[in-house]
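Topology and contacts: notes
Take a look at the letters that make up each chain.
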Amino acid sequence: MEGKRIHLSKILPRIITIILAIVTIWPFYITVLMAFKTPRETFQSFYGLPKVFRLDNFINAWKITNFSLAFKNSFIVTMVSLVFIVLATSMAGYAIARSNKKFYNFIYVLFVSGMMVPFQVIMIPLYKMGRKFGLVNNRWGIILIYICLGVHLAVFLYTGFVKGIPKELEEAATIDGASTPQIFFKVVFPLLKPITMTILVLDTMWIWNDFFLPLLFLQDTKIRTLPLTQFYFYGKYNTQMNLAFAAFILAMIPILIFYFAMQKYIVKGIVAGAVKG
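All right, on to the environment of alanine 178 then. With respect to the secondary-structure elements, alanine 178 resides in the loop between helix H8 (167-175) and helix H9 (180-191). Exposure remark for alanine 178: the relative accessible area of 24% places this residue in the partly exposed category. The contact partners of alanine 178, leaving out residues within four places of it in the chain, are Ala173 and Ile183.

Dropping the structure here:
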């Protein structure tokens, strides 16, 4: 009886893992099928494989949605936001971690408390402020908003990680005559690579896939990002679901490549940033 219990305790987690994997992969499987099918094949058999794996849907989706322009907009918004988030929050995290003053502790609490505020609470005031200061239909406006929304988690992770870096390295650089900026950029910042890569992965996936902020602030067709372009594509061409799913696949490919290339840094960086210090 005891042997059966031990055997069941080994098998049950595997069964649960397989079920969860199937549930997770199933929507992706449907998306891929729909992207390669014709409308008639979809009507005949929703879950069946297409007779021929055609690329026509991808070509038509690229042309109809002006995919290259949407990709350019998403790339610019994501990359510029990431650069400013990393530079600003790494310096802020370093300053907070290396200071024992109450003022810096108060600033740290403000950053962390910002993580607890749901976006829905600030959505309407943010939009009104955006209209007042000309941030609507402005690529730089939404970049500024992404930076402001992304600093909270980044400062939290950087502060925890910097506390784990020995101060003796900075003291040695000070003896050699290095200034504070030189110490940060030449000594400290290179050591922040694990947590920096983690922040880059998390924020890239967030900004690249974000739909709600572009829906509020990017109403001009010339500056729409990929998620927003797909939404309007689906609304306008809702009778051609195959083209819409092909557009989903095209938008998914860059972020999947980026994620699989950088995934080794995610757990390592988060654990180090949250636990150190």
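Now that the structure is up, let's keep going.
Phi at asparagine 137 is positive, roughly 55 degrees, even though this residue is not glycine. With respect to the helices, strands and loops of the structure, asparagine 137 is situated in the loop between helix H6 (119-132) and helix H7 (139-162).

Averaged over the protein, the pLDDT score is 83; the fraction of residues at 70 or greater is 89%. Below a pLDDT of 50 lies the segment residues 273-277, which in the model reaches 11 contacts outside its immediate sequence neighbourhood of four places, other chains included.

Next up on the list: the packing of helix H5 (residues 102-114) against H7. Following both chains from N to C, one finds H5 and H7 inclined at 125 degrees, their axes separated by 7 Å at the closest point. Classified by the interaxial angle, the pair formed by H5 and H7 is oblique. Taken as a pair, H5 and H7 cross one another with a handedness that is left-handed. Residues Tyr108, Phe111, Val112 and Gly114 of H5 lie in contact with H7, whose contacting residues are Val151, His152, Val155, Phe156 and Thr159. Here the residues of the contact of H5 with H7 sort into 6 nonpolar, 3 polar and no charged.

With respect to the secondary-structure elements, methionine 123 resides in helix H6. Methionine 123 sits 89 residues away from phenylalanine 212 along the chain, and the two C-alpha atoms are 9.7 Å apart.

For the rest of this paragraph, the subject is the pattern of salt bridges. Enumeration according to the criterion identifies 1 salt bridge in this entry. As a salt-bridge pair, arginine 98 and glutamate 170 come within 2.7 Å of each other at their nearest N and O atoms. Note that arginine 98 is positioned in the loop between helix H4 (67-97) and H5 and glutamate 170 in helix H8, a separation of 72 residues in sequence. A residue is classified by how much of its surface remains accessible, and arginine 98, at 21% relative accessible area, is partly exposed. A residue is classified by how much of its surface remains accessible, and glutamate 170, at 10% relative accessible area, is buried.

It is worth spelling out the packing of aromatic side chains at this point. Between two aromatic rings, the relevant description is the distance of the centres plus the angle of the planes. Under the definition given, this model contains 13 aromatic pairs. Judged by centre distance (5.6 Å) and plane angle (80 degrees), the ring pair of phenylalanine 103 and tyrosine 104 falls under edge-to-face. The exposure class of tyrosine 104 is partly exposed, given its relative accessible area of 30%. Taken together, the ring pairs connect Tyr94, Phe184, Phe185 and Phe189 into an aromatic cluster. Over the ring of tyrosine 108 we find lysine 163; its NZ or CZ atom is 5.9 Å from the centre of that ring.

Conventions we followed
- Throughout this document, residue positions are counted from 1 along each chain, in the order its sequence is written.
- Two thresholds apply to this predicted model, a pLDDT of at least 70 for residue-level local features and 80 or more for giving and counting side-chain atom pairs, whereas whole-chain, interface and lining totals are computed over all residues.
- Here the side-chain values reflect all heavy atoms present in the structure, with hydrogen atoms and water set aside.
- We count a stretch as a helix when DSSP gives it H or I for four or more residues in a row; a strand needs E for two or more, and each element gets its number in order from the N terminus.
- Exposed residues in this analysis have more than 50% of their type's maximum accessible area, buried residues have under 20%, and partly exposed residues fall in between, with area computed by a 1.4 Å probe over protein chains only.
- Any two residues whose heavy atoms approach within 4.5 Å are treated as being in contact.
- Predictor confidence is given residue by residue as pLDDT, running from a minimum of 0 to a maximum of 100.
- Axis definition: a line fitted to C-alpha atoms, limited for helices to the stretch in contact. Angles are taken between N-to-C directions and run from 0 to 180 degrees.
- Roughly parallel means an angle under 35 degrees; roughly antiparallel, over 145; roughly perpendicular, 65 to 115; everything else is oblique.
- Crossing chirality is assigned from the near helix's rotation relative to the far helix, an anticlockwise turn below a right angle marking it left-handed and a clockwise turn marking it right-handed.
- Residues were grouped as follows: Ala, Val, Leu, Ile, Met, Phe, Trp, Tyr, Cys and Pro as nonpolar; Asp, Glu, Lys and Arg as charged; and all remaining residues, including Gly, as polar.
- We define a salt bridge as a side-chain nitrogen of Lys or Arg found within 4 Å of a carboxyl oxygen belonging to Asp or Glu.
- Side-chain rings of Phe, Tyr and Trp, where Trp is taken by its six-membered ring, are said to pair if the distance between their centres is within 6.5 Å; with planes under 30 degrees apart they count as stacked, over 60 as edge-to-face, and otherwise as tilted.
- Comment: the charge-over-ring label is applied if NZ (Lys) or CZ (Arg) is within 6 Å of the ring centre and within 35 degrees of the ring normal.

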